[in-house]
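Residue-level structure breakdown
Residues per chain, in single letters:
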Amino acid sequence: MDVLDLARTQFAVTSGLHFLFVVLTLGLAPLVAIMHTRWAISGRPLNEAMTRFWGQIYVINYALGIVTGLVMEFQFGLSWSGLSHYAGDVFGAPLAMETLVAFFLESTFLGLWIFGWGRLPKWLHLACIWLVTLTAYASAFYIMVANSYLQNPVGSVVRDGRMELVDFGALLTNKALVFAFPHVIGAGLFTGAMVLVGASAYQLRRRTEHLEFFTKSLRTGVLVAAIGIFITMGFGYAQFAVIPVEGKFTGNVGASIGLAVMMEFGQLLGLIVLLVMLPMIRVLPRLRWTHLVLMAMTPLPFVLSIAGWVAREVGRQPWMIWEKLTVADAMSPGLTSGMVTTSLIGFVAVLGLLAVVDYVLIARVVKRGPRGMDLGATASDDARTPALSF
């Protein structure tokens, strides 16, 4: 590979690994917030246990995902300084907003939620997790604002060889954003819900003692998964109605393949979720033969999400900013194949290790079940846990 292909590969692999964390965070956050709301209203130990269990999985994924986000920041300065020089005044604005939202507001509210267990008033504690959810979605929104600008550069003009922002509102109403952002939200809901479904199916197949806990988790997951895949497919197809695609996929075989994978999986998963799971939602926890199917389906939303990004990004080639800046011109000058290869290996090693650690820790929590949760633990938990009857 030449240096340009290596730089593109580096960004594709690292951004893909990072998005695996992001899409799960976007899906789990509202689910945990809903569980916490149920607990705040009902006071039932079951709802508290669900909040703590799934909340702990959310915290694990969020904490490791933050680290992968830092690597993404390095990439722009390391490999794509041409983009920063040409369009940094425009492209950088939503990224700066995302940084403020994600690293300050979202992390602050999450910290209050984690350490406020038993210390904050009940409704204030509940408000914290909903603010975590809202700021997570605000963070995703600003990322999609930046990405949509690359797809359809609006609200800017070229002056002295650089893009200048003249209408921030145009960025927020970009037609490439209007349907893309709900599409990402749907993908997140589908992914988070399928983690609930897969983990619950695993425990139910093992004939868990926490039958009511994982039965309720499974039914919640199936319902939200159906909603999520419906949103994903609907807004995914709607994008083609508002964004001209002539020329975007011409000659880009990779984009065509990625698009086909995305659509085929979307249709298949949508069919399974809507036509098979929903009518069986009441008896699903008792049908052991379905548990293996549901467990096998768990990785598919992650694959589908990456396929969607492949189709969206490769289809824009050779442009970094559509018909304004090529990828070759956006690349940092002076890069050599050795430099990019070294950084590629380093980034992939770090992000790959984080992904492995993330899934191993989540798998351990799932295998252990809702006993002895660290999140929200109190001194009396050890004495109380054996008495939990779900």
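Our structure is the block above this text.
Summarised in this report is the structure supplied together with it. (Residues numbered from 1 in each chain as written. Predicted model: local features only at pLDDT ≥ 70, side-chain atom pairs only at ≥ 80, totals over all residues. Heavy atoms only, no water.)

1. Description of the packing of aromatic side chains
Counted by the stated rule, this structure contains 12 aromatic pairs. For the ring pair Trp 113 and Trp 117, a centre distance of 5.1 Å and an interplane angle of 65° mean the geometry is edge-to-face. Using a relative accessible area of 0% as the deciding quantity, one classes Trp 113 as buried. Look at Phe 213 and Phe 214: their rings are 4.8 Å apart centre to centre, the planes differ by 70°, and that puts the pair in the edge-to-face class. Judged on exposure class, the residue Phe 213 and its partner Phe 214 are both buried. In this structure an aromatic cluster arises from ring pairing among Phe 53, Trp 54, Phe 213 and Phe 214. (Phe/Tyr/Trp six-rings, centres within 6.5 Å; stacked < 30°, edge-to-face > 60°. Buried < 20%, exposed > 50% of the residue type's maximum accessible area, 1.4 Å probe, protein only.)

2. What to know about the pattern of salt bridges
A full pass over the atoms with the stated rule returns 4 salt bridges. For the salt bridge of Glu 212 with Arg 44, the shortest nitrogen-to-oxygen distance reads 3.0 Å. Of this pair, Glu 212 sits in helix α8 (residues 211–242) while Arg 44 is found in the loop between α1 (3–42) and α2 (45–79), placing the two residues 168 residues apart along the sequence. With its nearest N and O atoms 3.0 Å apart, the salt bridge here joins Arg 159 to Glu 164. Classification of Glu 164 as partly exposed rests on a relative accessible area of 26%. (Salt bridge = Lys/Arg side-chain N within 4 Å of Asp/Glu carboxyl O. Helix = DSSP H or I, 4+ residues; strand = E, 2+ residues; numbered from the N terminus.)

3. Some remarks on the nonpolar core
By size, the foremost hydrophobic cluster in this structure holds 102 residues, and its most contacted members are Trp 54, Leu 83 and Ile 321. When residues in this core are grouped by element, the largest group, 18 residues, is from α1. Residues within four places of Ile 321 in sequence aside, it is in contact with Leu 83, Tyr 86, Ala 87, Tyr 149, Leu 150 and Pro 153. (Core = buried A, V, L, I, M, F, W, Y, C linked by side-chain atoms within 4.5 Å. Contact = heavy atoms within 4.5 Å.)

4. A look at the environment of Thr 208
Within the fold, Thr 208 resides in the loop between α7 (180–205) and α8. Its relative accessible area of 12% is what places Thr 208 among the buried residues. In contact with Thr 208, not counting residues within four places along its chain, are Gln 203 and Phe 214.

5. Looking at the side chain of Asn 174
Considering the arrangement of structural elements, one finds Asn 174 in the loop between α5 (168–172) and α6 (175–178). Overall, the relative accessible area of 2% leaves Asn 174 in the buried class. Leave out the neighbours within four places in its chain, and Asn 174 touches Ser 148, Tyr 149, Asn 152 and Val 154.

6. A look at the side chain of Ser 332
Along the polypeptide, Ser 332 turns up in the loop between α12 (327–330) and α13 (337–368). Taking the relative accessible area as the measure of exposure, Ser 332 reaches 6% and is therefore buried. A distance of 3.2 Å separates a polar side-chain atom of Ser 332 from the backbone nitrogen of Trp 80. A distance of 2.9 Å separates a polar side-chain atom of Ser 332 from the backbone nitrogen of Ser 81. If we skip the residues at most four places from it in the chain, Ser 332 touches Gly 77, Leu 78, Ser 79, Trp 80, Ser 81 and Gly 82. (Polar contact = N/O pair within 3.5 Å; in protein donor to acceptor, adjacent residues only side chain to side chain.)

7. Points about the packing of α1 against helix α4 (residues 122–151)
Taken N-terminus to C-terminus, the directions of α1 and α4 make an angle of 165°; their axes are 9 Å apart at the nearest point. The pairing of α1 with α4 is recorded here as roughly antiparallel in orientation. Crossing of α1 over α4 shows left-handed handedness. On α4, the residues that touch Leu 26, Ala 29, Pro 30, Val 32, Ala 33, Ile 34, His 36, Thr 37, Ala 40 and Ile 41 of α1 are Lys 122, Trp 123, His 125, Leu 126, Ile 129, Trp 130, Thr 133, Ala 136, Tyr 137 and Ala 140. Along the lines of polarity and charge, the residues of the contact of α1 with α4 split into 15 nonpolar, 4 polar and 1 charged. (Axes fitted to C-alpha atoms, helices over the stretch in contact; angles between N-to-C directions. Parallel < 35°, antiparallel > 145°, perpendicular 65-115°, else oblique. Left-handed = near helix turned anticlockwise from the far one by under 90°. Nonpolar A, V, L, I, M, F, W, Y, C, P; charged D, E, K, R; others polar.)

8. So, unusual backbone geometry
Of note, Asp 160 is a non-glycine position whose phi angle comes to about 55°, a positive value. Inspection of the secondary structure assignment puts Asp 160 in the loop between β1 (156–159) and β2 (162–165). Backbone geometry places Glu 323, a non-glycine residue, at a positive phi of 60°. Tracing the backbone shows Glu 323 in the loop between β3 (319–321) and β4 (325–326).

9. Re the environment of Trp 123
Mapped onto the elements, Trp 123 comes out in helix α4. The spatial distance from the C-alpha of Trp 123 to the C-alpha of Thr 37 is 9.0 Å, given a sequence separation of 86 residues. Residues in contact with Trp 123, not counting those within four places in the same chain, are Ala 40 and Ile 41.

10. Digging into a nonpolar patch on the surface
A contiguous nonpolar patch, built from Met 97, Leu 100, Phe 104, Leu 105, Leu 165, Phe 168 and Leu 172 and spanning about 570 Å² of accessible area, is present on the exposed surface. Only α3 (81–115) and α5 provide two or more residues apiece to the nonpolar patch. A total of 4 residues in the nonpolar patch trace back to one element, the largest contributor, which is α3. Tracing the chain through its elements places Met 97 in helix α3. With relative accessibility at 32%, the residue Met 97 sits in the partly exposed group. (Patch = residues over 30% accessible without salt bridge, like charges linked within 9 Å, V, L, I, M, F, W, Y side chains within 5 Å. Areas by Shrake-Rupley, 256 points an atom, 1.4 Å probe, with all protein chains shown as cover.)

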